[in-house]
Amino acid sequence: MGNDHTFDPAAAESLEEIVRYRYLSRDELVGALAPASDDAMLDLGSGTGFYTRDVAPFVDSVHAVDLQPEMHDHFRSTGIPENVDIVTAGVDDMPFDDATFDAAYTTMTFHEFDTDEALSEIWRVLRPGARFVVVDWSQDGQGERGPPVHARVGPETAVAEIERAGFEVEHYRGRPETFFVTAIRSA
Ligand SMILES: C[S@@+](CC[C@H](N)C(=O)[O-])C[C@H]1O[C@@H](n2cnc3c(N)ncnc32)[C@H](O)[C@@H]1O
């Protein structure tokens, strides 16, 4: 839980490679979020905005949270959609009021921030009933791309951590190289 593996901004361009859709497509992510057009969405560990750009057309607004300003610089260089606000903050201490967001997601980043503090903070800023979608590299994978296997968590660990923070897990599944969790923020 909460290891020291933070993504190296020097490798930011790899986050823009289209081959990433082999592991998570736009339609898969948006389908799991099932967003409404007036939703306020939260992207946790948004990086270069690869998936932020995919989700933004389907919602009212996206707040893209990332700890590293260099990652936001990469996002700016490719153009930030009008309804996206970038926020430099750690997931464990976000500058938002309680119950601000209708949904949140995090892609290929959960293993970088999965502390009890961060998950409690995500619970705090989501509205009761809000959906939380987590997709990340799995410890059960082969390490063909992404972080080394030892730096990852597995789906069962992720589910236990997410439930401990007060979310109800709707479903989860392991895949060859990644895992997928959808959860609901309890009342
Ligand atoms: C592997 S990249 C993935 C970026 C993006 N989610 C994607 O799929 O393209 C992980 C990102 O999470 C950010 N990050 C890591 N730990 C974080 C934390 N505790 N709070 C906010 N952002 C964090 C890193 O700076 C990096 O930009």
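What counts, and where the lines are drawn
- Residues numbered from 1 in each chain as written.
- Predicted model: local features only at pLDDT ≥ 70, side-chain atom pairs only at ≥ 80, totals over all residues.
- Heavy atoms only, no water.
- Core = buried A, V, L, I, M, F, W, Y, C linked by side-chain atoms within 4.5 Å.
- Buried < 20%, exposed > 50% of the residue type's maximum accessible area, 1.4 Å probe, protein only.
- Helix = DSSP H or I, 4+ residues; strand = E, 2+ residues; numbered from the N terminus.
- Contact = heavy atoms within 4.5 Å.
- Pairing = 2+ DSSP bridges.
- Axes fitted to C-alpha atoms, helices over the stretch in contact; angles between N-to-C directions.

The protein chain is annotated in an unreviewed UniProt entry as S-adenosylmethionine-dependent methyltransferase from Halanaeroarchaeum sulfurireducens.

1. Digging into the nonpolar core
Ranked by internal contacts, the top residues of the largest apolar core, which has 30 residues, are Leu 42, Leu 44, Met 94, Phe 110, Ile 122, Phe 132 and Ile 162. Broken down by secondary-structure element, the contributors of at least two residues to this core are strand 1 (40–44), strand 4 (101–107), helix 4 (110–113), helix 5 (116–125), strand 5 (126–137), helix 6 (155–164) and strand 7 (178–185). Excluding its chain neighbours within four sequence positions, the residues that come into contact with Leu 42 are His 63, Val 65, Met 94, Phe 96, Phe 101, Ala 103, Ala 104, Tyr 105 and Val 125. Ranked by size, the runner-up nonpolar core spans 23 residues in total, among them Val 30, Ala 32, Val 84 and Trp 137.

2. Focus on the sheet that holds strand 3 (residues 84–88)
Strand order in the open sheet made by the 7 strands is 3-2-1-4-5-7-6, with mixed pairing throughout. Looking at strand neighbours, the two that pair on one side only are strand 3 and strand 6 (167–174), the edges of this open sheet. The mean angle between the axes of side-by-side strands here comes to 15 degrees, regardless of whether they run parallel or antiparallel. As paired strands, strand 6 and strand 7 are joined by 7 bridges and run antiparallel to one another. Across the sheet, Val 169 pairs through a bridge with Ala 183, a residue of strand 7. Each of strand 1, strand 4, strand 5, strand 6 and strand 7 is contacted by helix 1 (residues 26–33), which is oriented at about 155 degrees to strand 5, the strand it contacts most. Where helix 6 meets the sheet, its contacts fall on strand 5, strand 6 and strand 7, and the angle it forms with strand 6 comes to roughly 175 degrees.

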